[in-house]
Amino acid sequence: MKIDRFPRPTFSVDDARRATYSVFGIKGLAAELAGERDRNFLITCEGDQKYVLKVCNPADSDEVIDFQNQLLTHLSSSSNQWQWPQPQHDNNGGLMSHVQNCEDEEVRVRLLTFVDGIFLADYRPHSPHLMRHFGRFLGSVTTSLSDFTHSAMDRELFWDMKNGVGLIQEHIHEINDRERKDLIHHFLGIINNALLPIQNDLRTGVIYNDANDHNILVECGVNGNGEIVGAIDVGDSVHSWLAAEPAVACAYAMLNKPDPLATAREIVGAYHENFPLTEEEISVLFALSCLRSCMTVIIATHQKSLEPENDYLSVSEESAWQLLGKLKETSPEFAHFSFRHTCGLEPSPSTPHLVKWMNHQKNQFSKVVDADLSDDEMVVVDLSIGSLDLTNSVWENMEALTRLIGTPALGRYNEPRMIYTSDQFQTINNNGHEWRTIHLGLDVFLPAGSQVTTPLEGVVQSVQNNDGHLDYGPTVILKHSPADVSTFYTLYGHLSNKVLKSLKNGDTIKAGKKIGEIGNENENGGWPPHLHFQVITDCLNYYGDFPGVARSSEREIWTSISPDPSALLNLNSEGAVAKEILPEEITTSRQSNLSAMLSVSYRKPLKIVRGWKQYLYDHTGRKYLDGVNNVPHIGHSHPRVVDAIQKQAAVLNTNTRYLHENIIQLAGRIADTMPDPLSICFFVNSGSEANDLALRLAQAYTSGKNVITIEGGYHGHLISLIDVSPYKFDGPGGEGLADHVEMVTMPDGYRGKYKYNEPDLGERYADKVKEAVDKIKNKGEKLSAFISESMISSGGIFIPPENYLSTVYETVRGAGGVCIADEVVVGFGRVGSHFWGFEAQSVVPDIVTLGKPMGNGHPIAAVVTTPKIAASFNTGMEYFNTYGGNPVSCAAALAVLDVMQEEKLQENAAKVGKFLLDQLTALQKEHPVIGDVRGSGLFIGMELVKSRDSLEPAPEHANYLVERMKERGILISTDGTRNNVLKIRPPMVFTQSNGESLVNTLKEILHESFFMTGINNSS
Ligand SMILES: Cc1ncc(COP(=O)(O)O)c(C=O)c1O
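Parameters and conventions
Residues numbered from 1 in each chain as written. Predicted model: local features only at pLDDT ≥ 70, side-chain atom pairs only at ≥ 80, totals over all residues. Heavy atoms only, no water. Helix = DSSP H or I, 4+ residues; strand = E, 2+ residues; numbered from the N terminus. Contact = heavy atoms within 4.5 Å. Salt bridge = Lys/Arg side-chain N within 4 Å of Asp/Glu carboxyl O. Axes fitted to C-alpha atoms, helices over the stretch in contact; angles between N-to-C directions. Parallel < 35°, antiparallel > 145°, perpendicular 65-115°, else oblique. Left-handed = near helix turned anticlockwise from the far one by under 90°. Nonpolar A, V, L, I, M, F, W, Y, C, P; charged D, E, K, R; others polar. Phe/Tyr/Trp six-rings, centres within 6.5 Å; stacked < 30°, edge-to-face > 60°. Buried < 20%, exposed > 50% of the residue type's maximum accessible area, 1.4 Å probe, protein only.

Peer 1: It is not clear to me how unusual backbone geometry should be interpreted in this structure. Could you clarify?
Peer 2: The bulk of non-glycine residues show a negative phi, and the bulk of peptide bonds are trans. A cis amide bond links Arg124 with the next residue in sequence, Pro125, at an omega value of 0°. Note on placement: Pro125 falls in the loop between strand S6 (118–119) and helix H3 (128–145). A cis amide bond, omega 0°, links Asp676 with the succeeding residue Pro677. As for its position among the elements, Pro677 is in the loop between helix H19 (661–673) and strand S28 (680–684). The backbone phi angle of Lys613 is positive, close to 60°, even though this residue is not glycine. Structurally, Lys613 is set in the loop between strand S25 (608–612) and strand S26 (615–618).

Encoded structure:
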């Protein structure tokens, strides 16, 4: 098949404007649009009504143009969910009209309605949701067209995939680059292999045939997710293979994707839900997608030479070459299995029968190792992500791992494993990184030198030393062809070097005969000695090696290709296959037994099973950079804290009625960090308890009851604290201001009454406290306390303006009240410049409350006050707190203080915090949605607004960022009374390179299409 020449007709913008008026009676401005065959013009009328004037290509007959008009009308009338351009009648009632161009030539024109939206090519991101929407859209197009026929539908068209192979063969000589030509030849092989045997059996019908990313229109839908609006340009519609429809879509949607197949899977799965594909069609989808990409590059090469000024002709060419380069690395069989899976079929078709056969033959297979694996005493090691046997210091250290596992022992199949979260197993997917964590075989841990024999007769398919670190080492793959079941393979990894000499390809090994021996750690890839035993139903593109671990996103595909091998070891699956409680099951159980008022983060909640340093791991081994959890202050599961807790808990845990040195050491260490006269400590179990006790102390000292608090503040969940927490009493379900509480304005220099650049900002906001004090006086009541965080967190991450707290403290003390500084969030060096937030404000409070970071997650909190205030509490009523100050909690807090000093974490907070603030401030200059950036150390807020003039909050944008950051593997969250402040409050071990990842990812997300919507670009 030859690519025909069809130069576009000559027609100027002026011609277009005139023709639209003279032929259709529509007045408007014309602007030229891109086009391959037709010349297209956007016509914009008054009131912003838009049309597209199409000047038809002379190569297209009237019948073909009628075909297109009827097709568009049919598509629109069969579903109003999607938009298609609608042909407009001319002054004579026709759908196609003849006009003269400026060169007095006659051309044919049509006017279509304009479909608004963003081209899929320009829309970001191509989320799974959008790709599924795309698939559903196309499925419904195929359904709509199933009853459509036209006399022009069978015309010869070079974009028709039925002609694809012929077209490539005809024009491949035009590609000069040798490598690129080879690439096309490679795909021709794949295409012929897949298509030739079944092409005559494929279903046909009229298809749209051009779901390319410059024809598909998208808008921002629910939760900021892109959704398909409709499509344009039916110029390539033709009667062809139905399977070509999703294949074309995949060919374009896969462009520029790190993981193209994942994108294609979403489209195909959703297409299949709307229009079920047959097994034959599924088997050719990959080949057809590749065919379309090959056609794209061949046609673009040809057309460019004819019409070099039309950029549109090569709009996808370079990306298509890149895609082909990438798809060359993809096994066509794996792609086929992927598509089968997404369409609800068993990925590897031979697996169900093989599994049945293996289970049937169980206990008749010869032993693979000389150990009774089914012995009840056999140790099954838990190497899963959340394994309690696998402490953080063990999974990173092979020697420790070897000691932990011991021999004999069994390692499980289909287990997401912590050891595979290291760099060697990292891959790139469409959302960043994904680790190959899922174990596809069974491990038998036995001493090096133990014999390995075959469970059934097999022929050596390969013997190869996969000698990279953490690879298989010497590996044997045997091919088995027993009667009654399709050929399959078994893999034996981590053998000794001897096998490389003792076996060769083609050797037959009878059942029960020796394959080799288990290798030692110097030859087996550096692992504890063991055999990795795996069944393979299809070797895909691999030779001598085969993945033993898989990405969780492809788990079902790989576990079908490599099913559970237990039966071949004469084992029951129960112990040998890992089991998990899935996040969805936990969500359901929470509903049965926990209060609905416990909220969960993220639309799709995370099941986090491990924390280590500044990272959290979900049950699949997905690693998240933690940018928000401030409680694991010195890093998740810090070994010093774990050790301190374990050691003390193993010896003694009691209460303060016995003398113990931990509590006095801790009290002394904390008092040393505080200015005089803050020296008396009370230990409690939570920030709420600390603040409640602080209010009691204040009452005892002042004998007043009235409390002044700041708008947006949160101080705890006890009833006494809800009263002084506007975040709660003024929020959903809150009961408003209590009689004994006065609330003062937030000292907010960004959106408050007095702005950052105004003089005496601190004093002016502090005046509000004077007013509150006067109000209490006027009621004839006594002030007890002013409570506030030294830097405000839940209110929206605010650093009080200069002189604010000092002026407030003076006023409060002048009125007989005491000043409580809530350091539950900002204390312990977080703010970088100082150990306590109040120090940065140059004040000395009367009572300080500590909490969250104090025990790195262990529940310990404290109140620190002056001897005078403490003395007022000595009323005779005993203060007893069962857990407060117990030796274990104190040991945890002491370890935190040690690590803070030894690892210089306050200094780190200052350095990394400054880096983050600088970077985010730079980002603010580029993105109008970032209204304000503020913070100190690793306590940072970024306020999002829809307009920098009106300061209208942008909570949807904040939420979008939080969700997208999570999808990209970074955890942050929102705060503030308007839920529009992004908070960044990571563990103090957060590094500058972590900061770079966070900022770069934010930057990328801020360029996504959602941020083009609803933001006023004023600055
Ligand atoms: C500033 C502040 N104070 C007190 C508390 C209460 O601490 P806890 O949750 O440990 O009771 C919180 C908790 O979020 C807080 O943010």
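Peer 1: Mind showing me how you'd approach the environment of Ser552 here?
Peer 2: As for its placement among the helices and strands, Ser552 is situated in the loop between strand S24 (549–551) and helix H15 (555–561). C-alpha of Ser552 to C-alpha of Thr437: the two residues are 115 residues apart in sequence and 6.8 Å apart in space. The contact partners of Ser552, leaving out residues within four places of it in the chain, are Glu434, Trp435, Ile438 and Thr620.

Peer 1: Please clarify how the pattern of salt bridges should be interpreted in this entry.
Peer 2: Two side chains of opposite charge can pair, provided their charged atoms sit close to one another. Counting across every chain of the model gives 52 salt bridges. Between Asp48 and Lys50 there is a salt bridge, with the nearest N and O atoms lying 4.0 Å from each other. Here Asp382 ties to Arg412 by a salt bridge, and the two come within 3.1 Å at their closest N and O atoms. With Asp382 in the loop between strand S11 (379–381) and helix H12 (392–395) and Arg412 in the loop between strand S12 (409–411) and strand S13 (415–416), this pair connects stretches of sequence that are 30 residues apart. When salt bridges that share partners are traced, they join Asp259, Arg265, Glu434, Arg551 and Glu554 into one network.

Peer 1: Looking at this structure, I do not really get the packing of helix H6 (residues 244–253) against helix H7 (residues 260–274). What am I missing?
Peer 2: The packing of two helices is summarised by the inter-axis angle and the distance between the axes. Direction vectors running N to C along H6 and H7 enclose 155°, while the axes themselves pass 9 Å from each other. In terms of orientation, H6 and H7 fall into the roughly antiparallel class. Considering the relative orientation of H6 and H7, their crossing is right-handed. Between H6 and H7, the contacting residues are Glu245, Pro246, Ala249, Cys250 and Ala253 on the first element and Thr263, Ala264, Ile267, Val268 and Tyr271 on the second. Its residues assigned to classes, the contact of H6 with H7 comprises 8 nonpolar, 1 polar and 1 charged.

Peer 1: Explain the packing of aromatic side chains to me, please; I cannot follow it from the model alone.
Peer 2: Between two aromatic rings, the relevant description is the distance of the centres plus the angle of the planes. On inspection of all chains with the given rule, the structure shows 28 aromatic pairs. Measuring from ring centre to ring centre gives 5.7 Å for Phe682 and Tyr879, while their planes differ by 90°; the resulting arrangement is edge-to-face. Separated by 197 residues along the polypeptide, Phe682 in strand S28 and Tyr879 in the loop between helix H26 (867–872) and helix H27 (887–902) bring together distant segments of the chain. Taking relative accessible area as the criterion, Phe682 reaches 12% and is therefore assigned buried. Seen in terms of ring centroids, Phe835 and Trp836 are 5.0 Å apart; in terms of plane orientation they differ by 90°. Their pairing is edge-to-face.

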